[in-house]
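# Structure assessment
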Amino acid sequence: MQPIRMVDLITQYQKIKPEVDTAIAEVMNQAAFINGPEVKAFQTELEDYLQVKHVIPCANGTDALQVAMMALDLQPGDEVITATFTYVATAEVIALLKLTPVLVDVDPETFLIDPAAIEAAITPKTKAIVPVHLFGQCANMDEIMRIAKAHNLFVIEDTAQAIGATYTFADGNTAKAGTIGTIGATSFFPSKNLGCFGDGGAIFTQDDDLAAKMRMIVNHGQSKQYYHDSIGVNSRLDSIQAAILRIKLRQLDDYNVSRQSAAAAYDKAFGEHPKLRIPARAANSTHVFHQYTLKVKGADRDGLRAYLADRDIPSMIYYPVALHMQSAYASDRYGKGAFPVTENLVEEVISLPMHTELTPDQIEYIINSVLEFINQ
Ligand SMILES: Cc1ncc(COP(=O)(O)O)c(C=O)c1O
């Protein structure tokens, strides 16, 4: 059996190596490293895939969130609501722009931001909501868009973990994750469902004016070379990364199906176990399993991790500390006990190996090892 990895980018690369190596060599032969034709082609292909009017490639997912917030002209002190159970980048850019992150709790079963908690956190200073499509499925966008409309708020979807997921609205219409709110932001970090071979990211919007503004912001705020109309940043996707992403975008749906079939095997093995809770599916979203995250109930979660590690099975705790308990994001607004769901989740969750290359014998070995520990 091949060694089990949390994410197996080595085997994945081997399968597309000839195509990728040729594409990289082609960029080097052209020496069009920045804003070359590959970036433009990737942009158009991603717009087609997502059925969104504008994709703005940028340097990483954190920048994507930051540029989105810069384009909305939010002012220092404006409040932006997001989940306390997420990766730090979501809140980091809010704080960096001198906006006020207002953290709220999540649903205990889906791990997704709780719309009722969003509504309860709205004040006259609230300007935006950042739902995080955590672990690969969409937050309740019907509710979030209803709340945003009622209170005149922007919605920035953090879809770093859910590219390719499909949301079905209450009226039956569908849309890809990241194309529903005012702006969507994603990451192409190597381990993401659509990952490049370094850092990368992109911003999506259906709004022509916002798109034009964000294209300027990612390129030093310039409308034409050396004419700077706004304060911007340097956040560009390299041509080599774009060339790789074009190849991997063609595989994305198959990659997500591979993740879903590994998840189905895990579900089947753990679904009925009294000490394990499989990840609940959100009502209106497909799940593309960026992570497969179990909750361990009435058994030693950290003991399970150690047991798996002894058997050369990696696992991760996403996330070990809620954002409101991190020193950088501590606030008088909320101390320990403020968000009981998340505070409980950080003690219970464990993410198992999840990627596109898991083999049936690896999955069986992981399942048997988990059950050996839990049943002992
Ligand atoms: C939910 C979430 N938001 C934002 C980011 C930031 O993306 P990046 O690492 O590309 O800056 C990540 C990924 O790391 C993430 O998981």
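Above this text you will find the structure in question.
These remarks concern the structure in this document. What you are looking at is a predicted structure, and each value in this text was computed from that prediction instead of being measured. (Residues numbered from 1 in each chain as written. Predicted model: local features only at pLDDT ≥ 70, side-chain atom pairs only at ≥ 80, totals over all residues. Heavy atoms only, no water.)

### With respect to the overall build of the protein
Of the regular secondary structure elements, the protein holds 11 helices and 14 strands. Here the C-alpha atoms of the protein give a radius of gyration of 21 Å, agreeing with the 21 Å that 2.2 N^0.38 yields for 376 residues. Among the 376 residues that make up the protein, the fraction classed as buried is 55%. For the protein, long-range pairs separated by at least 24 residues make up 73% of all intrachain contacts whose partners lie at least 6 apart in sequence. Accessible surface for the protein amounts to roughly 15800 Å². Of this, 52% is attributable to carbon and sulfur atoms. Across the protein, 31 positive and 45 negative side-chain charges occur, with their mean positions spaced 1 Å apart. (Helix = DSSP H or I, 4+ residues; strand = E, 2+ residues; numbered from the N terminus. Rg over C-alpha atoms; globule rule 2.2 N^0.38 Å. Buried < 20%, exposed > 50% of the residue type's maximum accessible area, 1.4 Å probe, protein only. Contact = heavy atoms within 4.5 Å. Areas by Shrake-Rupley, 256 points an atom, 1.4 Å probe, with all protein chains shown as cover. Lys, Arg positive; Asp, Glu negative; His and termini not counted. Charge placed at Lys NZ, Arg CZ, Asp CG, Glu CD.)

### Some words on helix α10 (residues 340–348)
Because each turn of an α-helix spans 3.6 residues, side chains separated by three or four positions in sequence point in the same direction. Along α10, the residues classified as buried are Thr342, Glu343, Leu345, Val346 and Glu348. Contacts from the buried residues of α10 go to β13 (292–296), α9 (301–310) and β14 (349–352).

### Things to note about the sheet that holds β14
The strand order β12-β13-β14 describes an open sheet built from 3 strands, whose pairing is antiparallel. Both edges of this open sheet fall to β12 (276–277) and β14, since each of them pairs with a single strand only. With 2 bridges joining them, β12 and β13 adopt antiparallel strand pairing. For leucine 276, the partnering residue across the bridge sits in β13 and is valine 296. Helix α8 (residues 239–270) rests against β12, β13 and β14 of the sheet, and its axis sits at about 15° to β13. (Pairing = 2+ DSSP bridges. Axes fitted to C-alpha atoms, helices over the stretch in contact; angles between N-to-C directions.)

### Some thoughts on the packing of aromatic side chains
Scanning the entire structure with this criterion turns up 14 aromatic pairs. Ring centres 5.7 Å apart and planes at 85° place the aromatic pair tyrosine 13 and phenylalanine 197 in the edge-to-face group. In this pair, tyrosine 13 sits in helix α1 (residues 9–30) while phenylalanine 197 sits in the loop between β8 (183–187) and β9 (201–205), placing the two residues 184 residues apart along the sequence. What makes tyrosine 13 partly exposed here is its relative accessible area of 22%. Taken together, a centroid distance of 4.8 Å and an interplanar angle of 45° make the contact between tyrosine 266 and tyrosine 292 tilted. (Phe/Tyr/Trp six-rings, centres within 6.5 Å; stacked < 30°, edge-to-face > 60°.)

### Brief notes about the environment of threonine 100
Its place among the elements puts threonine 100 in strand β3 (residues 100–104). The exposure class of threonine 100 is partly exposed, given its relative accessible area of 24%. Measuring from C-alpha to C-alpha, the distance between threonine 100 and proline 37 comes to 39 Å, with 63 residues separating the pair along the chain. Aside from chain neighbours lying at most four places away, what touches threonine 100 is Gly77, Asp78, Glu79, Val80, Ile94 and Arg333.

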